[in-house]
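These are the residues of each chain, in order.
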Amino acid sequence: MKKIVTILTIGCGALFSCAPLDTEPSDFVAPEFYFSNETEINNALTGVYDALGNGNLYVGGDGLLTYFDATDQMWHGSSDRPPVYVYSSADSWPLNMWQVLYRGIERANMLLANIDKPEMAEEKRDVLRGEAQFLRAYYYFVLVQNYGAVPLKTSPTASVGDIYYERTPVNEVYDFIYKEMEEAEKLVRPITDFNHAGRVTQSAIQGILARVSLYMAGAPNNRTDKFQDALKWSTQLITSGLHDLNPDYSRIFINLIQDKYDTGESIWEVECYTTGATDPYGENGSLGNNNGISQNLTEYGFSGAQYRVHEKYYKLFEETDVRRDWNIAPYRFVANSDPLVKEYWSETQVYDRFIGKFRREYELVSDKIKNNNGTNFSLLRYADVLLMAAEAENELQGPTETALRYLNEVRQRAGVAPVAGVAGKEDFRKIIQDERSRELGFEGWRRLDLIRWGIFIPTMKELAEYVQETAPSNFRANASRAGQNVSEKHLYLPIPLREITLNNLLTQNPGW
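Only a predicted model underlies this, so the values are computations on that prediction, with no experimental measurement involved.

Caption draft 1: The overall build of the protein chain, seen in detail. A tally of regular secondary structure across the protein chain gives 16 helices and 6 strands. Relative to the globule expectation of 24 Å for 512 residues, the C-alpha radius of gyration of the protein chain, 22 Å, shows essentially globular dimensions. Taken along its principal axes, the extent of the C-alpha atoms in the protein chain is 65 × 55 × 45 Å. In the protein chain, which comprises 512 residues, the proportion classed as buried is 60%. Excluding contacts between residues fewer than 6 apart, the proportion of contacts in the protein chain whose partners are at least 24 apart in sequence is 73%. A total accessible area of about 19400 Å² is found for the protein chain, and carbon and sulfur atoms account for 48% of it. Counting 52 positive and 70 negative side-chain charges, the protein chain places the averaged centre of each group 3 Å from the other.

Structure, rendered in C-alpha cells:
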C-alpha cells in the first residue's frame with residue numbers, strides 16, 4: 001500500500017503542467033527551504049513515485065490499459081474516443097498523459113538537483129538517487145514510446161518562462177533512458193529487502209531494461225544490436241533465482257485486487273490503497289471499473305464495463321488454456337441481483353463478453369467506492385521477462401532449446417502443451433507474439449508490442465475485416481471501428497496542441 005506525500009516545486013510552464021500562472025498556491029515550499037534532511041528527501045521521492053498512480057496512466061479508466069490499448073478489446077459505445085482511434089491534438093486525453101509524465105520528471109529533476117544537500121548516510125543517498133533516476137528515465141520511456149521525439153529536460157525548471165525546448169530525437173532519448181537505468185541498477189536495493197513490490201529494485205530495473213532494449217531493437221528504431229542487451233538483462237533476472245511463476249494464473253490478479261504481494265511473479269507494481277468510501281487519502285485507482293464485468297450495485301463493486309472482447313482474441317486460446325476464462329469473463333452478472341447471480345454465456349456469445357482480468361467481486365473492502373478501488377497494477381511480471389528472454393534469444397540465435405524452455409515455462413502454467421520443433425526464427429516470432437497476447441492480455445502492452453513488431457496497422461485492419469465477416473450484426477459496427485479508423489499517424493500520439501501553442505519550438509507528429 002502507499003500513502004503519498006506530495007511536495008510542491010517552483011512554478012513552471014506548460015511543459016510541466018502546473019496550475020495557471022495567476023494561481024497563488026497555499027502550500028508552496030520553495031526548494032531553497034526544503035531538502036534539508038533525509039525525511040524531506042524521502043518525501044520528495046514519494047512525490048516522484050506519485051505520478052505512477054495517476055489514473056491517466058495505468059490504474060484509471062482513460063489510460064494506457066484502456067483508451068490507448070484498443071486492440072484485443074473494443075470500445076462498446078458509439079462516441080468518438082481514443083479506443084476507436086478518433087481524437088485530436090486538442091483533446092484532453094493525450095494532454096493528460098503528457099502532463100502527468102512531465103510532472104513526475106520535474107519532481108525527479110528537483111530531487112536529483114538537491115539530493116546532495118542534507119547530511120545522511122551515503123549508502124541511503126545512493127539508493128534514493130537510483131530510484132529517482134530510474135523513475136525519471138521510466139517516465140521518459142513512456143513518453144518516447146507514445147509520442148516519439150520529446151523534449152529531454154534533466155534540470156529543474158528555473159522560472160515560469162523556462163518552457164522553450166525542442167524535441168530531442170528518439171534515439172537520443174532512448175540512449176539517455178538506457179544509460180540512466182543502467183546506472184540506477186547499481187544503486188538500488190535488491191527485491192529481497194522488501195515484502196512488497198512498490199519500490200524500484202534491482203529486479204525491476206533489470207526487467208525494464210530488457211523491455212527498453214526490445215523497443216530500441218524494434219520498429220521504428222530498428223537498432224537490432226539491442227536484442228543482445230534485452231537477452232542480457234532478462235537472463236540476469238531469470239538466473240538470479242529470486243523469481244518464479246505463481247502456479248495459479250488467476251491468483252496473480254486476485255493478489256493485486258486484495259493488496260497482497262507475490263514478488264516472485266509480480267516484480268514491480270503501481271500501488272493503490274483505500275480503506276473504503278470514507279478514506280481521506282484518496283490513493284486509489286479504478287481497475288475493473290471501466291474494464292471489468294458489468295455490475296450496477298456499489299456494494300459488490302460497480303463496473304460500467306465500457307469494453308467487450310473480440311472473438312478473434314477468444315479463439316487465440318486453446319480450450320485447456322486457463323488464461324482464457326480469466327482474461328475474458330465467461331459470465332455476466334444478472335442485473336441488480338442481490339446477492340450477485342452469475343449467468344454464463346453460451347458458446348456463441350463471444351462478443352457479449354467482458355474483460356475479466358480485474359474483477360471487483362474479489363475486493364476485500366466492505367465500504368466500497370463506486371468508481372474507485374485499491375487494486376494494484378503490475379508494471380512487470382516474471383512471465384513477461386521469460387517471454388522477453390525467449391524473444392531476444394530467438395532474434396539472435398533462432399528457436400533454441402533455451403528460447404523454447406522460457407516459452408514453455410509460461411505455457412505450462414497456463415495448462416497448454418509445450419511448443420516443440422519450430423521450423424525457424426519467423427515461425428517462433430509469431431508464436432511469441434501470440435503468447436504475449438494470451439499471457440499479457442488487457443495489461444496495456446499489446447498496442448505497443450504490435451508497433452515495435454511493425455505489424456500494428458495490418459493487424460488492426462485484419463481485425464476489422466474479421467469482424468465484418470463474422471460478428472453478429474449488433475456488434476459489427478462497434479467492433480470494427482478501431483481497425484477501420486487506425487492509420488499510420490496512430491503509431492504515435494499527437495503532441496498536445498496546448499504545449500505547441502505555449503512552446504513554439506515544438507513540432508507536431510506526422511498526420512496530426
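Caption draft 2: Local environment of the packing of helix α1 (residues 38–50) against helix α3 (residues 122–147). Between α1 and α3, whose axes approach to 10 Å, the crossing angle comes to 20°. When the axes of α1 and α3 are compared, the pair comes out roughly parallel. Classified by chirality, the crossing of α3 by α1 is left-handed. Where α1 approaches α3, its residues Glu38, Ile41, Asn42, Leu45, Val48 and Tyr49 are matched on the opposing element by Lys124, Leu128, Glu131, Ala132, Leu135 and Tyr139. Within the contact of α1 with α3, the residues separate by chemical class into 8 nonpolar, 1 polar and 3 charged.

Caption draft 3: Structural context of the layout of surface pockets. Of the volumes computed, that of the second largest pocket is approximately 360 Å³. Contributing to the lining of the second largest pocket are 18 residues, with Lys312, Lys430, Asp434, Arg446 and Thr459 lying nearest its centre. Among the secondary structure elements, those contributing two or more residues to the lining of the second largest pocket are α8 (311–314), α12 (425–440), α13 (446–452) and α14 (456–470). Broken down by element, the lining of the second largest pocket gets its largest block of residues, 5 residues, from α14. Residues that form the lining of the second largest pocket fall into these classes: 8 nonpolar, 4 polar and 6 charged.

Caption draft 4: Main features of the packing of α1 against helix α2 (residues 92–114). Two elements in contact, α1 and α2, have axes whose closest approach is 8 Å; the angle formed by their N-to-C orientations is 155°. Taken together, the axis directions place α1 and α2 in an arrangement best described as roughly antiparallel. Between α1 and α2 the crossing geometry is left-handed. Residue-level inspection shows Ile41, Ala44, Leu45, Gly47, Val48 and Asp50 of α1 in contact with α2, the latter providing Gly104, Arg107, Ala108, Leu111 and Asn114. Along the lines of polarity and charge, the residues of the contact of α1 with α2 split into 6 nonpolar, 3 polar and 2 charged.

Caption draft 5: Highlighting α14. Counted at 1.5 Å a residue, the expected span for α14 with its 15 residues is 21 Å, and the 21 Å between its end C-alpha atoms agrees. Burial in α14 covers these residues: Phe456, Ile457, Met460, Leu463, Ala464, Tyr466 and Val467. The secondary structure elements touched by the buried residues of α14 are α8, α13 and α15 (473–485).

Caption draft 6: Representation of the pattern of salt bridges in the model. Under the counting rule described, the total for this entry stands at 39 salt bridges. The salt bridge partner of Asp449 is Arg436, with a shortest N-O separation of 2.7 Å. Pair noted here: Asp449 is in helix α13 and Arg436 is in helix α12, with a separation of 13 residues, a long-range link. Given a relative accessible area of 4%, Arg436 falls into the buried group. The partner of Glu499 in a salt bridge is Arg498, and the shortest N-O contact between them spans 3.7 Å.

Caption draft 7: Layout of helix α10 (residues 382–397). With 16 residues, α10 should cover 22 Å at 1.5 Å per step; its first-to-last C-alpha distance of 22 Å lies within 8% of that length. At the exit of α10 stands Gly398, carrying a positive phi of roughly 90°.

Caption draft 8: Here's a closer look at the side chain of Gln206. Mapped onto the elements, Gln206 comes out in helix α5 (residues 202–217). At a separation of 2.9 Å, a polar atom in the side chain of Gln206 contacts the side chain of Glu185.

Caption draft 9: Examining the nonpolar core more closely. Tyr58, Tyr138, Ile177 and Trp268 are the most contacted members of the largest nonpolar core, which totals 125 residues. Of the residues forming this core, the biggest block, 13 residues, is contributed by α3. Those residues in contact with Ile177, other than ones at most four positions away along the chain, are Ala137, Tyr140, Phe141, Val144 and Val212. Judged by nonpolar contacts, the second largest core, of 18 residues, contains Met74, Tyr85, Leu463 and Ala482.

Reading guide: rules and limits
- Residues numbered from 1 in each chain as written.
- Predicted model: local features only at pLDDT ≥ 70, side-chain atom pairs only at ≥ 80, totals over all residues.
- Heavy atoms only, no water.
- Helix = DSSP H or I, 4+ residues; strand = E, 2+ residues; numbered from the N terminus.
- Rg over C-alpha atoms; globule rule 2.2 N^0.38 Å.
- Buried < 20%, exposed > 50% of the residue type's maximum accessible area, 1.4 Å probe, protein only.
- Contact = heavy atoms within 4.5 Å.
- Areas by Shrake-Rupley, 256 points an atom, 1.4 Å probe, with all protein chains shown as cover.
- Lys, Arg positive; Asp, Glu negative; His and termini not counted.
- Charge placed at Lys NZ, Arg CZ, Asp CG, Glu CD.
- Axes fitted to C-alpha atoms, helices over the stretch in contact; angles between N-to-C directions.
- Parallel < 35°, antiparallel > 145°, perpendicular 65-115°, else oblique.
- Left-handed = near helix turned anticlockwise from the far one by under 90°.
- Nonpolar A, V, L, I, M, F, W, Y, C, P; charged D, E, K, R; others polar.
- 1 Å grid on protein atoms, 1.4 Å probe; cavity = no way out; pocket = protein on both sides within 12 Å on 5 of 7 lines; lining within 4 Å.
- Points joined across faces, edges and corners; volume = space filled by probe spheres on them.
- Expected span 1.5 Å × (residues − 1).
- Salt bridge = Lys/Arg side-chain N within 4 Å of Asp/Glu carboxyl O.
- Polar contact = N/O pair within 3.5 Å; in protein donor to acceptor, adjacent residues only side chain to side chain.
- Core = buried A, V, L, I, M, F, W, Y, C linked by side-chain atoms within 4.5 Å.

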